[in-house]
Amino acid sequence: MSTNTTLRSLLSGTTLPQNEAKILLAFVLEKHYQLPRSALLSRDEMELNPQALEQWRNLELKRLSGEPIAYLVGKRGFHEIELYVAPGVLIPRPETEILIEIALREIQKLNRPANILDLGTGSGAIALAIAHSAPQVLVTATDQSLEALAIANINAEQLGLSNRVQFAQGSWYGALKEVIQFDVILSNPPYIAAGDTHLNEGDLRFEPASALTDGAGGLSCLETIISQVDPYLKLGGLVAVEHGFDQSEAIVNLMKVAQLEEIQVHRDLAGHCRAVSGRKSKS
Ligand code: GLN
């Protein structure tokens, strides 16, 4: 039996895609040897000790059975921050950075300390990315899940943002103890229809169902958020939501019904409609 456990042979011997194997092996190196990822190359003849080897085998098996990389290494980069993630929260997706860009543009235009609401914050991704990039803003972030709020709290502390991001537990606006008016309201709610086959694919199989699907046709949370937004927006305030690739027409309609103005559809880098924003009338 081969006892060759050098980094090079572990990488060449795995059936995982190389980019994934490298992320997991770099994680093991960092944890057991405090070595940077570059050691995969510069020390490719290094042998792993038995504990490190066991962890690598364990991670390799879990990944082969489909567990998301982000859960295995406990982190995911999002916009300009890194977030701790665990199975109680949705793994932040690059497409959600559209909401960050929309919000940061608006905050810059306002040119005064703005207050922001992030509904259904999960890991805290949206709230914390904005607080990180816009040092003047105050953010309120809600979630129904206490498990998610615990994770979001850890992230706020790790990022040194606890003083400007406040968390509240509850369903959508119900999490707010009183009616407060915000400059910008954002949400990436669950929008996948119950029974959609995507729920049985890839990372989604391991993520909390309550963060992915509304358990109905996909639009019910988006409808709640948009139809009830008015009292929570300042005059001229902006609301922006992420949605599924085929939902933008429905969201535009919901915003029209809610009498929002300047309704805009935003596309992701792949050209898919991914978010819609609308503005409360200025008078
Ligand atoms: N964007 C995620 C996906 O399609 C879904 C996230 C959500 O439901 N908000 O994988």
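Just above sits the structure.
Just so it is clear, the model here is predicted, and its values are computed rather than measured.

What follows covers the overall build of the protein chain. Across its full length, the protein chain carries 11 helices and nine strands. The principal-axis extents of the C-alpha atoms in the protein chain amount to approximately 75 × 40 × 35 Å. Among the 283 residues that make up the protein chain, the fraction classed as buried is 52%. Sequence separation of 24 or more characterises 64% of the internal contacts of the protein chain that already satisfy a separation of 6 or more. For the protein chain, the exposed surface amounts to about 13,800 Å²; the carbon and sulfur share of it is 51%. Both charge centroids of the protein chain, one from 24 positive and one from 33 negative side chains, sit 4 Å from each other.

With that settled, the discussion passes to the packing of helix H10 (residues 220-227) against helix H11 (residues 248-257). Packed helices, taken two at a time, are described by their axes: the angle between them and the distance between them. Running from N to C, H10 and H11 point in directions that differ by 25 degrees, and their axes come no closer than 9 Å. Taken as axis vectors, H10 and H11 run roughly parallel relative to one another. Relative to H11, the crossing made by H10 is right-handed. For the pair H10 and H11, the contacting residues are Leu 222, Glu 223 and Ile 226 in the first and Ile 251, Leu 254 and Met 255 in the second. Classifying every residue of the contact of H10 with H11 by side-chain character gives five nonpolar, no polar and one charged.

Turning our eyes to something else, we now look at the pairing of strand S6 (residues 182-187). Burial runs high along S6: six of the six residues are buried. Bridging between strand S3 (residues 115-119) and S6 involves four bridges; their strand directions are parallel. In the strand pairing of S6, Leu 117 is matched with Ile 185.

Counted under the stated rule, the structure contains one aromatic pair. Ring geometry for Tyr 173 against Tyr 232: centres 4.4 Å apart, planes inclined by 10 degrees, an arrangement best described as stacked. Pair noted here: Tyr 173 is in the loop between strand S5 (165-169) and S6 and Tyr 232 is in the loop between H10 and strand S7 (233-242), with a separation of 59 residues, a long-range link. For Tyr 173, a relative accessible area of 3% corresponds to the buried category.

Unusually for a residue other than glycine, Gln 34 sits at a positive phi of about 50 degrees. Residue placement: Gln 34 occurs in the loop between helix H2 (18-33) and helix H3 (39-42). For Gln 34, a relative accessible area of 61% gives the class exposed. Although it is not a glycine, Gln 259 sits at a positive phi angle of roughly 60 degrees. In this fold, Gln 259 is placed in the loop between H11 and strand S8 (261-267). Take Gln 259: its relative accessible area is 65%, and that puts it in the exposed class.

Close to the ligand lie Arg 93, Glu 95, Asn 188, Pro 189, Pro 190, Tyr 191, Ile 192, Leu 204, Ala 211, Leu 212 and Glu 242, which account for all nearby residues. Within the side chain of Tyr 191, one N or O atom sits 2.8 Å away from a nitrogen atom of the ligand. Note that an oxygen atom of the ligand is positioned 3.2 Å from one of the backbone N or O atoms of Leu 212. Alone, the ligand offers 300 Å² of accessible surface; in the complex the protein occludes 89% of this. Class assignment for the residues of the shell around the ligand results in seven nonpolar, one polar and three charged.

Rules used in this analysis
- Residues numbered from 1 in each chain as written.
- Predicted model: local features only at pLDDT ≥ 70, side-chain atom pairs only at ≥ 80, totals over all residues.
- Heavy atoms only, no water.
- Helix = DSSP H or I, 4+ residues; strand = E, 2+ residues; numbered from the N terminus.
- Buried < 20%, exposed > 50% of the residue type's maximum accessible area, 1.4 Å probe, protein only.
- Contact = heavy atoms within 4.5 Å.
- Areas by Shrake-Rupley, 256 points an atom, 1.4 Å probe, with all protein chains shown as cover.
- Lys, Arg positive; Asp, Glu negative; His and termini not counted.
- Charge placed at Lys NZ, Arg CZ, Asp CG, Glu CD.
- Axes fitted to C-alpha atoms, helices over the stretch in contact; angles between N-to-C directions.
- Parallel < 35°, antiparallel > 145°, perpendicular 65-115°, else oblique.
- Left-handed = near helix turned anticlockwise from the far one by under 90°.
- Nonpolar A, V, L, I, M, F, W, Y, C, P; charged D, E, K, R; others polar.
- Pairing = 2+ DSSP bridges.
- Phe/Tyr/Trp six-rings, centres within 6.5 Å; stacked < 30°, edge-to-face > 60°.
- Near = heavy atom within 4 Å.
- Polar contact = N/O pair within 3.5 Å; in protein donor to acceptor, adjacent residues only side chain to side chain.

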